[in-house]
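# Chain and residue survey
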Amino acid sequence: MTALSYAARDSLTMLRRNLKHAQRYPSMTASVVAMPVLMLLLFNYAFGGALGAGIGGMSGGGTGGGGSDRYIDYVAPGIILMAATSGALVTAVGICVDMTEGIVNRFRTMAISRASFLTGHVVGSVIQTLISIAFVIGVALLIGFRPDATPVEWLAVAGLLALVTLALTWVAAAIGLMAKTPESASNIPLPLQFLPFMGSAIVPTESMPDGLRWFAEYQPFTPVIETLRGLLMGTEIGNSALIALAWCTALTVGGYLWARTAYQRSAKR
């Protein structure tokens, strides 16, 4: 077998290990999935009428008692992205737990690929997060979300969400390696979960004060949200797709290099 074959085999073993952990201890995954679902229900049913009325006259007839038929179409893409950001928490905590419990030192004494530990965690987290995203999309459809995307556009949505998830997972992996305790590993990624709210997830950036509007328009999640909204609902995308891809690529490469460097430094301690 070649070195690449050994690395792929060991990474697959680590992937199975992480998926079994997620199956045996589902509470972390469940809590992460619950947050975007609760946010979706809250903004649709509690705030949908008021917020929708301020966005191009979105108001009126509710879905199931109180939400806005049109506002759910506006807010759902942003909440779907929030589901992608929530997966970073699981990655950071899982890696930090392995680091602090000493299992990583044991792995280093075994004849396995050094890259397999991070690869198994990252691929496992991406799979779990994509399942969570599918669940959130299902809930959105149940409460009135009505995208008009074609099959090709749905494939583009899936690809973009997978790329965003991969980028954030590598960043979270680096955070997990740098954190001293699982508690700090769970706290550091929290801003990532709520950064979409500082973009165009809930209201258009044009409605924000100048300083906040500047931040919202140039932070990485706004072009992703606008691209998702354009693909799903047919709104104008403009250059948001290219900017979103550039951000995702930069975060993926930066997160990978950061995680690899942190993992190598941890071996020298």
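Quick caveat: nothing in here was measured; it's all calculated off a predicted structure.

Before going further, it helps to spend a moment on the nonpolar core. Within the largest apolar cluster, 52 residues are counted, with the highest numbers of intra-cluster contacts made by Leu40, Val75, Ile79, Leu81, Phe145, Val164 and Ile202. The set of elements that each furnish at least two residues to this core consists of helix H2 (27-46), helix H4 (69-101), helix H6 (115-142), helix H7 (151-178), helix H11 (221-233) and helix H12 (240-267). Take this core: its biggest share by element is 14 residues, from H4.

Here the focus is the environment of Ala22. Position of Ala22 relative to the elements: it lies in helix H1 (residues 3-24). Classification of Ala22 by relative accessible area gives buried; the value is 18%. For the pair formed by Ala22 and Gly124, sequence separation is 102 residues and the distance between their alpha carbons is 9.0 Å.

A few words now on the confidence of the model for the protein. Of all residues in the protein, 92% have pLDDT values of 70 or greater, and the mean over the chain is 86. Under a pLDDT of 50 for its full length, residues 59-68 has, in the predicted model, 27 contacts with residues more than four places off or in other chains.

Further remarks concern the side chain of Thr91. Considering the arrangement of structural elements, one finds Thr91 in helix H4. Given the relative accessible area of 1%, Thr91 is considered buried. If near-sequence neighbours (up to four positions away) are discounted, Thr91 is found in contact with Ser125, Thr169, Ala172 and Ala173.

Quick look at the side chain of Arg229 now. Tracing the backbone through its elements, the reader meets Arg229 in helix H11. Setting aside its immediate chain neighbours within four residues, Arg229 contacts Tyr74, Pro77, Ser200, Ala201, Gly234 and Thr235.

In this section: the packing of H2 against H6. At a minimum axis separation of 10 Å, H2 and H6 run at an interaxial angle of 30°. Put simply, H2 runs roughly parallel to H6. Helix-helix and strand crossings are classified by hand; for H2 and H6 the assignment is right-handed. Touching Thr29, Val33, Pro36, Val37 and Leu40 of H2 are Gln128, Ser132, Phe135, Val136, Val139 and Ala140, all from H6.

Relative to the elements of secondary structure, Tyr263 occurs in helix H12. For the pair Tyr263 and Leu242, spaced 21 residues apart in sequence, the C-alpha separation works out to 31 Å. Not counting residues within four places of it along the chain, the set of residues in contact with Tyr263 comprises Val104, Arg108, Arg114, Phe117, Leu118 and Leu177.

Basis of the calculations
- Think of each chain on its own: its residues are numbered from 1, step by step along the sequence as written.
- At least 70 in pLDDT is required for a residue's local features to be given in this predicted model, at least 80 for side-chain atom pairs to be given and counted, and no such filter applies to totals for whole chains, interfaces and linings, which use all residues.
- For side-chain calculations, the full set of non-hydrogen atoms in the structure is used, while hydrogens and water are omitted.
- For this analysis, a nonpolar core means a set of buried residues of the types Ala, Val, Leu, Ile, Met, Phe, Trp, Tyr and Cys, connected via side-chain atoms within 4.5 Å.
- The buried label goes to any residue with under 20% of its type's maximum accessible area, the exposed label to any with over 50%, and the partly exposed label to all in between, with areas taken from a 1.4 Å probe on protein chains only.
- Strands here mean DSSP runs of E at least two residues long; helices mean DSSP runs of H or I at least four residues long; both are numbered from the N terminus.
- pLDDT expresses, on a scale from 0 to 100, how confident the predictor is about each individual residue.
- Should any heavy atoms of two residues lie within 4.5 Å, those residues are counted as being in contact.
- Here, axes are lines fitted to C-alpha atoms. For helices the fit covers the stretch in contact, and angles between N-to-C directions go from 0 to 180 degrees.
- Each angle receives one of four descriptions, namely roughly parallel if under 35 degrees, roughly antiparallel if over 145, roughly perpendicular if within 65 to 115, and oblique otherwise.
- A crossing counts as left-handed when the near helix is turned anticlockwise from the far one by less than a right angle, and as right-handed when that turn is clockwise.

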